Amino acid sequence: MKCIVFFLMSCFLLVACQSQNKKTTFIITSEQIKHLSEQDIEAIGAQVCADSDKRSVIANDNSWLNQKLERLTGTLPKKINNIEVNYKVYLNTDPNAWSTASGCIRINSGLIKLLNDNELQAVLAHEQAHIALKHAIKSFRLAPYVEITNNDVVILVKKEVAQQYEFEADHYALELLMSRNINPTGLVTMLKKMPIHSTNNTTTSHPSNIKRIDRILEKLGTI
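Procedures and definitions
Chains are numbered independently. Their residues run from 1 in the order of the written sequence. In keeping with the predicted nature of the model, local features appear solely for residues at pLDDT of at least 70, side-chain atom pairs appear and are counted solely at 80 or more, and the whole-chain, interface and lining totals rest on all residues. Excluded from the side-chain calculation are hydrogens and water; included are all heavy atoms of the structure. Salt bridge, as used here, is a side-chain nitrogen of Lys or Arg placed within 4 Å of a carboxyl oxygen of Asp or Glu. In DSSP terms, a helix is any run of H or I states spanning at least four residues, a strand is any run of E spanning at least two, and both are numbered starting from the N terminus. Partly exposed describes any residue whose relative accessible area lies between the buried limit of under 20% and the exposed limit of over 50%, with all areas from a 1.4 Å probe on protein chains only and scaled to the type maximum. Expected span of a helix, by definition, is 1.5 Å for each gap between consecutive residues, and there is one gap fewer than residues. Surface patches are defined over residues having more than 30% relative accessible area and no salt bridge, joining like charges when they lie within 9 Å and nonpolar side chains (Val, Leu, Ile, Met, Phe, Trp, Tyr) when within 5 Å. Residue-level accessible areas treat just the shown protein chains as cover; the underlying method is Shrake-Rupley with a 1.4 Å probe. In this description, strands pair whenever DSSP reports at least two bridges between them. Axis lines are fitted to C-alpha atoms, over the contacting stretch for helices. Their N-to-C directions set the angle, which ranges from 0 to 180 degrees. Any two residues whose heavy atoms approach within 4.5 Å at even a single point are treated as in contact. Side-chain atoms alone can form a polar contact between residues adjacent in sequence; in general such a contact is a pair of N or O atoms within 3.5 Å, and within protein one must be able to donate a hydrogen while the other accepts it. Each angle gets one of four labels, with under 35 degrees taken as roughly parallel, over 145 as roughly antiparallel, 65 to 115 as roughly perpendicular, and the rest as oblique. Whether a crossing is left-handed or right-handed is set by the direction in which the near helix is turned from the far one by less than a right angle, anticlockwise for left-handed and clockwise for right-handed. Each residue is assigned to one class: nonpolar for Ala, Val, Leu, Ile, Met, Phe, Trp, Tyr, Cys and Pro, charged for Asp, Glu, Lys and Arg, and polar for all the others, Gly among them.

Draft legend 1. Geometry of the pattern of salt bridges. With the rule as written, the count across this model stands at seven salt bridges. Lys193 is the partner of Glu119 in a salt bridge, and the nearest nitrogen-oxygen pair spans 2.9 Å. Note that Glu119 is positioned in helix α5 (residues 117-132) and Lys193 in helix α8 (residues 186-193), a separation of 74 residues in sequence. Given the relative accessible area of 2%, Glu119 is considered buried. Beyond isolated ion pairs, a larger network of salt bridges with shared partners links Lys68, Arg71 and Asp117.

Here is the structure:
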């Protein structure tokens, strides 16, 4: 394994180590994290998103997948915390969606094919919630270190904290959907269809889907 040292955003030095399988790993230490501004973390998120785009097959702008995504996002906020939200569809059968602090939201074609329109809007609202609530930025602040390997970011936070972020994102999404006159029950039916995080797995950063559904129904019952 060989290592090189370089500057990131003129703030600090990062050590990048490249193994024989050509995976490059960047380590951001806890001391370096202290000197990161929110804008720095957003820039890291933007770079991770750009790297992921390069490694993925992206749906054509004229494809039905992209057109559907544009239609579904039409009633959702265009900006979050003064950050322009940008979307892309990956041609990937894995039913997944994710976001970064930079406003990047990516959704796989497998998820679009699995869920109905209302459920997809619930997913998008949930991802917007992570950005609005600055969960990625807060995770950086709490982590003992951050590891970036190619397009994957590993941020170590306590399981309880990570799971609380999911509950918070569900609650935010619930209120966002209702404020836009979108049926919020898509949050529940979406979770019932999702094949991941559906059981009490002690290693996952997500609470079980059953716990999330119970929290959402509890919130709906008080509205």
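Now that the structure has been shown, the text picks up again.
Draft legend 2. Region of the structure containing helix α2 (residues 38-55). In a regular helix each residue adds 1.5 Å, so 18 residues correspond to 26 Å; α2 covers 26 Å between its end C-alpha atoms and thus fits that length. Taken together, the buried positions of α2 are Asp40, Ile41, Glu42, Ile44, Gly45, Val48, Cys49, Asp51, Ser52 and Asp53.

Draft legend 3. Here's a closer look at a nonpolar patch on the surface. Taken together, the side chains of Tyr145, Val154 and Leu156 define a hydrophobic patch exposed on the protein surface, amounting to about 220 Å² of accessible area. Note on placement: Leu156 falls in the loop between β10 (152-155) and α7 (159-179).

Draft legend 4. Focus on the sheet that holds strand β8 (residues 104-108). Taking strand neighbours across the sheet as the criterion, the three strands line up as β6-β8-β7 in an open arrangement whose pairing is mixed. Here the strands that pair on one side only, and so sit at the sheet edges, are β6 (86-90) and β7 (97-99). Across this sheet, the average inter-strand angle for adjacent strands is 15 degrees, counted without regard to direction. Judged from the three bridges that link them, β7 and β8 form a sheet pairing that is antiparallel. From the neighbouring strand, Ser99 faces β8, where its bridge partner is Ile105. Each of β6 and β8 touches helix α3 (residues 64-73); the most contacted strand, β6, lies at about 145 degrees to it.

Draft legend 5. Spotlight on the side chain of Glu119. Looking at Glu119, its side chain comes within polar contact range of the side chain of Lys193, at 2.9 Å. In this structure Glu119 touches Gly186, Thr189, Met190 and Lys193, once residues within four positions along its chain are discounted.

Draft legend 6. Layout of the environment of Ala132. With respect to the helices and strands, the residue Ala132 is situated in helix α5. With 51 residues separating them in the primary sequence, Ala132 and Asn81 have C-alpha atoms 6.2 Å apart. Excluding its chain neighbours within four sequence positions, the residues that come into contact with Ala132 are Ile80, Asn81 and Tyr172.

Draft legend 7. Spotlight on the packing of helix α6 (residues 135-142) against α7. Between α6 and α7, the least distance of the axes is 11 Å, while the angle of their chain directions is 165 degrees. Relative to α7, the element α6 is oriented roughly antiparallel. Every pair of crossing elements has a handedness; the one defined by α6 and α7 is right-handed. From α6, His135, Lys138, Ser139 and Leu142 reach across to α7, where they touch Val161, Tyr165, Glu168 and Ala169. Per-class residue counts for the contact of α6 with α7 are four nonpolar, two polar and two charged.

Worth remembering: the numbers are spatial, not functional.
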